[in-house]
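# Residue-level structural notes
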Amino acid sequence: DVFFRDSRSIKNTDFWVSYSFLDTERDYLNFPTRATPIFASKHNASAVAKRWFPKITTSMGLTYAFVSPRPYNDPNTNEFNGGRTKAYHDVSFNASYLTNIWDNFTIIHLSVSNILGLNQEFGYRFSNTPDVNGQFTGIAIRPPARQFFFIGVFVSIGQRVNLTAEEILN
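The following refers to the structure shown.

Each value, and the rule that gives it
Residues numbered from 1 in each chain as written. Predicted model: local features only at pLDDT ≥ 70, side-chain atom pairs only at ≥ 80, totals over all residues. Heavy atoms only, no water. Salt bridge = Lys/Arg side-chain N within 4 Å of Asp/Glu carboxyl O. Buried < 20%, exposed > 50% of the residue type's maximum accessible area, 1.4 Å probe, protein only. Helix = DSSP H or I, 4+ residues; strand = E, 2+ residues; numbered from the N terminus. Pairing = 2+ DSSP bridges. Axes fitted to C-alpha atoms, helices over the stretch in contact; angles between N-to-C directions. Polar contact = N/O pair within 3.5 Å; in protein donor to acceptor, adjacent residues only side chain to side chain. Contact = heavy atoms within 4.5 Å. Phe/Tyr/Trp six-rings, centres within 6.5 Å; stacked < 30°, edge-to-face > 60°.

### A look at the pattern of salt bridges
For the structure on display, the rule yields 3 salt bridges. The shortest N-O distance in the salt bridge between Asp14 and Arg5 comes to 2.5 Å. A relative accessible area of 11% places Asp14 in the buried class. The shortest N-O distance in the salt bridge between Arg142 and Glu121 comes to 3.8 Å. Here the residue Arg142 occupies a position in the loop between strand E10 (138–141) and strand E11 (148–155), and Glu121 occupies one in the loop between strand E8 (104–113) and strand E9 (123–126), the gap between them amounting to 21 residues.

See the structure below:
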């Protein structure tokens, strides 16, 4: 694992990069032999950048995540867990606006995942019985939606505050 973070080089900016390497085989659950489990990817990396804009009391961030192809078991081949998914790539954006509503500290937050709209796959599910040609039909396991949008308003009720955004963040 490698992790690097810097919040001092560029004023009002925080960024970090992380990388993990995992090379594993396990005698897991009902595996017929030692193999890499379907949830284990060899390479995982992310890069995150956040910037604070004091004049508009807003923080914005951008994240890139990469996960190398994960194994899955294709019953149409002789190799157990020999199939590989596509690599996972995700670019996400978020923004938080800090304000007060009736003297209550308030955050208005927006986030969008998978900005590029990539068609992610997490593995494959195969039929239990072969078709007329002796092949097991497989379908990709995908998220329910390509992108996720979130807008939230968080109000701190019950404790009146008149703090500046800088005071809140520190």
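### Points about the sheet that holds E8
If you walk across this open sheet you meet the 7 strands as E1-E2-E3-E4-E7-E8-E11, and the pairing is antiparallel. Edge positions in the sheet fall to strand E1 (2–6) and E11, since each of these pairs with one other strand and no more. Direction aside, neighbouring strands of the sheet carry axes that sit 10° apart on average. Pairing of strand E4 (residues 58–67) with strand E7 (residues 88–101) involves 10 bridges; the strand directions are antiparallel. Paired with Gly61 across the strands is Asn94, a residue of E7.

### Observations regarding the side chain of Ser96
Here Ser96 shows up in strand E7. A polar side-chain atom of Ser96 sits 2.7 Å from a polar atom in the side chain of His109. Filtering out sequence-adjacent residues up to four positions away, Ser96 remains in contact with Thr57, Thr58, Ser59, Ile107, Ile108 and His109.

### Brief notes about the packing of aromatic side chains
According to the stated counting rule, one finds 7 aromatic pairs in the structure shown. Taken together, a centroid distance of 6.3 Å and an interplanar angle of 50° make the contact between Phe4 and Phe15 tilted. Taken as a pair, Phe4 in strand E1 and Phe15 in strand E2 (residues 13–21) lie far apart in primary sequence, 11 residues in all. Exposure remark for Phe4: the relative accessible area of 45% places this residue in the partly exposed category. Residue Phe15 is classed as partly exposed on the basis of its relative accessible area, which comes to 24%.

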